[in-house]
Amino acid sequence: DYPQYAGTFMRINEVFLGVYVLELILRFLTYKEDALCDALTVLDIFLILLAVIDRFVLERGSAKALPSLRLLRAFRLLRLLRISRNAAELNVIVANSMKG
């Protein structure tokens, strides 16, 4: 809708993708192969792979060859739901620590 900001949005998206990849790397360095036992980690791997495919394959002009992958962008909303769940848990922890 705002083509003058397309480059800015792309860079912001790349920063977030980098943060998510770094988080995933740190999770594997911490938990090793046990990280794969967590369903949310597997979901994160799937979402990050979709984001990488979207960024480096679809945005480079191959979108005509892989149009169905664009529909998978909706799965990124699952990441937002996961973050909001963790935020609720964090609120409970902070509230309980303030009582103590």
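Summary of the structure given here.

**What to know about the packing of helix α1 (residues 6-31) against helix α2 (residues 39-56)**
- Where α1 meets α2, the closest approach of the two axes is 10 Å, and the angle between their N-to-C directions is 145 degrees. By crossing handedness, the relation of α1 to α2 is classed as left-handed. Contacts from Met 10, Glu 14, Leu 17, Tyr 20, Val 21, Leu 24, Arg 27 and Phe 28 in α1 reach Leu 40, Thr 41, Asp 44, Ile 45, Ile 48, Ala 51, Val 52, Arg 55 and Phe 56 in α2.
- Classifying every residue of the contact of α1 with α2 gives twelve nonpolar, one polar and four charged.

**Side note on α2**
- With 18 residues, α2 should cover 26 Å at 1.5 Å per step; its first-to-last C-alpha distance of 26 Å lies within 8% of that length.
- Along α2, the residues that are buried comprise Thr 41, Asp 44, Leu 47, Ile 48, Leu 50, Ala 51, Asp 54 and Arg 55.

**Details of a nonpolar patch on the surface**
- The grouping of Tyr 2, Tyr 5, Phe 9, Ile 12 and Phe 16 at the surface amounts to a nonpolar patch, some 560 Å² of accessible area in total.
- Among the residues examined, Ile 12 registers a relative accessible area of 40% and is labelled partly exposed.

**What about the pattern of salt bridges?**
- Using the criterion set out here, one finds two salt bridges in the structure.
- Where salt bridges share partners, they join Glu 23, Arg 27 and Asp 44 into one cluster.

**Some words on the side chain of Thr 41**
- Along the chain, Thr 41 falls in helix α2.
- When sequence neighbours within four positions are dropped, the list of residues in contact with Thr 41 reads Leu 24, Arg 27, Phe 28 and Ala 35.

**Thoughts on the packing of aromatic side chains**
- All told, the structure shown has two aromatic pairs when counted by the stated rule.
- Geometrically, the ring pair formed by Phe 16 and Tyr 20 is tilted, given 6.5 Å between the ring centres and 35 degrees between the ring planes. Taken together, the positions of Phe 16 and Tyr 20, both in helix α1 and four residues apart, correspond to about one turn of that helix.
- Here Phe 16 falls in the partly exposed class, since its relative accessible area comes to 46%.
- Tyr 20 gets classed as partly exposed once you look at its relative accessible area, which sits at 25%.

Reading the values: rules and limits
Residues numbered from 1 in each chain as written. Predicted model: local features only at pLDDT ≥ 70, side-chain atom pairs only at ≥ 80, totals over all residues. Heavy atoms only, no water. Axes fitted to C-alpha atoms, helices over the stretch in contact; angles between N-to-C directions. Helix = DSSP H or I, 4+ residues; strand = E, 2+ residues; numbered from the N terminus. Left-handed = near helix turned anticlockwise from the far one by under 90°. Contact = heavy atoms within 4.5 Å. Nonpolar A, V, L, I, M, F, W, Y, C, P; charged D, E, K, R; others polar. Expected span 1.5 Å × (residues − 1). Buried < 20%, exposed > 50% of the residue type's maximum accessible area, 1.4 Å probe, protein only. Patch = residues over 30% accessible without salt bridge, like charges linked within 9 Å, V, L, I, M, F, W, Y side chains within 5 Å. Areas by Shrake-Rupley, 256 points an atom, 1.4 Å probe, with all protein chains shown as cover. Salt bridge = Lys/Arg side-chain N within 4 Å of Asp/Glu carboxyl O. Phe/Tyr/Trp six-rings, centres within 6.5 Å; stacked < 30°, edge-to-face > 60°.

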